[in-house]
Amino acid sequence: AAVLRGGGSISHLAPAWRILSSSEALLESERHVNGFLHAAGVEAGYIYTRHGLRRSKLLSKADDYIGLARSVIDVLAGDGVESFISYGTLLGAVRDKAFIAHDDDMDVVYVGNDVQGGLDERQRVIESLARAGFVIESKLPLLNVEVSERGGDVSVDLFPSWRGEGTRYMFKQG
């Protein structure tokens, strides 16, 4: 089976996975689609993500995503909550000095102090961001939330983590 850049199977793209059965076939398909669009005078930038073939909003609006993440981290810091980029966002920053080509979101983690009181801390974080004017979409029963600016078209996925007994507990993503 083909593997997306950075990992992940394409089996969820059935029945297209039968045609695009290798990583090379995926990359070639991206090149053809983007070449055709470019020749037609249409903005290219399509990539395969875990959601299918899509225009990379993350890559085309990188400054907006980075600005939103900075704003979220600043608001939380103002309330005494440590937070930082994580998961694919951190991996791309360290490894590639850029977003991972197939990634389609930006991840931020906040640090809580109590595993047992995680839902209460989550609610305090949500209220803090809402007071600052952010729009929050809850992902319950998952603990992460999606944070955006009112009227904005980019968002940041915000995940919990906790300290406890000398250990850092991280929310397992997807």
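Above this text sits the structure in question.
Model, not experiment: these values are computed from the prediction.

*Asks:* Sorry if this is basic, but what is going on with the nonpolar core here?
*Replies:* Soluble globular proteins tend to bury their nonpolar side chains together. Counting residues in hydrophobic clusters, the biggest one holds 21 residues, and the most contacted among them are Val72, Leu76, Val125, Leu129, Val147 and Leu158. At the level of elements, α4 (62-78), β4 (107-112), α6 (118-131), β6 (145-149) and β7 (155-164) are the ones that each hand at least two residues to this core. Ranked by residues supplied to this core, first place goes to α4 with six residues. The contacts of Val72, once residues within four sequence positions are left out, are Leu129, Phe134 and Val147.

*Asks:* Where do I start with the packing of aromatic side chains in this structure?
*Replies:* What describes a pair of aromatic rings is the distance from one ring centre to the other and the angle between the planes of the rings. Here the structure, examined in full by the defined rule, presents one aromatic pair. When the centroid spacing of 5.0 Å and the interplanar angle of 75° are considered together, the rings of Tyr87 and Phe159 count as edge-to-face. Residue Tyr87 is found in helix α5 (residues 87-95), and its partner Phe159 is found in strand β7; the two are separated by 72 residues along the sequence. Phe159 gets classed as buried once you look at its relative accessible area, which sits at 2%.

*Asks:* Looking at this model, I keep getting lost on the side chain of Ser155. Mind explaining?
*Replies:* Turning to its location among the elements, Ser155 is positioned in strand β7. Look at Ser155 and you get buried, because its relative accessible area is 18%. Apart from the residues lying within four places of it in its own chain, the contact partners of Ser155 are Tyr65, Leu68, Glu146, Val147 and Ser148.

*Asks:* What is the right way to look at the pattern of salt bridges in this model?
*Replies:* Where charged atoms from two side chains of opposite charge come close, those side chains can pair. Applying the stated criterion across every chain yields a total of four salt bridges. Asp153 serves as the salt-bridge partner of Lys61, at 2.6 Å between the closest nitrogen and oxygen. Here Lys61, found in the loop between α3 (57-60) and α4, pairs with Asp153, found in the loop between β6 and β7; they are 92 residues apart in sequence, far enough to count as distant. Owing to a relative accessible area of 40%, Asp153 belongs among the partly exposed residues under this scheme. One salt bridge connects Arg95 with Asp96, and the closest N-O pair in it is separated by 3.1 Å. On the accessibility criterion, Arg95 (46% relative accessible area) is partly exposed.

*Asks:* What's the story with α6 in this structure? I'm lost.
*Replies:* Count 3.6 residues to each turn of an α-helix, and residues three or four apart come out pointing the same way. A rise of 1.5 Å per residue sets the reference length of α6, with its 14 residues, at 20 Å; its end C-alpha atoms lie 20 Å apart and thus fit the reference within 8%. Lining the buried residues of α6 we find α4, β4, β5 (134-138), β6 and β7. Of the residues flanking the end of α6, it is Gly133, one or two places downstream, whose phi is positive at about 100°.

*Asks:* What am I meant to see in the pairing of β5 here?
*Replies:* Residues in a regular strand point their side chains to alternate faces of the sheet. As judged from the five bridges shared by β5 and β6, these two strands associate in the antiparallel manner. Residue pairing in the sheet places Glu137 in a bridge with Glu146 of β6. Hairpin remark: β5 followed by β6, antiparallel, with six residues in the connecting loop.

*Asks:* I would appreciate a short explanation of the pairing of β6 in the present structure.
*Replies:* The pairing of β6 with β7 spans four bridges and is antiparallel. Paired with Val145 across the two strands is Leu158, which belongs to β7. Remark: five residues form the turn of the hairpin made by β6 and β7, two consecutive strands paired antiparallel; Gly151 in that turn has positive phi of roughly 80°.

*Asks:* Just to check I follow, could you spell out α4 for this structure?
*Replies:* With 17 residues, α4 extends 24 Å between its outermost C-alpha atoms, agreeing within 8% with the 24 Å of an ideal straight helix rising 1.5 Å per residue. The set of residues buried in α4 consists of Ala62, Tyr65, Leu68, Ala69, Val72 and Leu76. All buried residues of α4 lie within an arc of 135° about the axis, which places them on one face of the element. Away from its buried face, by an angle of more than 90 degrees, α4 presents the exposed residues Asp63, Arg70, Asp74 and Gly78. Of the residues one or two after α4, Gly80 is the one with positive phi, at around 80°.

Scoring rules and cut-offs
Residues numbered from 1 in each chain as written. Predicted model: local features only at pLDDT ≥ 70, side-chain atom pairs only at ≥ 80, totals over all residues. Heavy atoms only, no water. Core = buried A, V, L, I, M, F, W, Y, C linked by side-chain atoms within 4.5 Å. Buried < 20%, exposed > 50% of the residue type's maximum accessible area, 1.4 Å probe, protein only. Helix = DSSP H or I, 4+ residues; strand = E, 2+ residues; numbered from the N terminus. Contact = heavy atoms within 4.5 Å. Phe/Tyr/Trp six-rings, centres within 6.5 Å; stacked < 30°, edge-to-face > 60°. Salt bridge = Lys/Arg side-chain N within 4 Å of Asp/Glu carboxyl O. Expected span 1.5 Å × (residues − 1). Pairing = 2+ DSSP bridges. Arc of directions from axis to C-beta.

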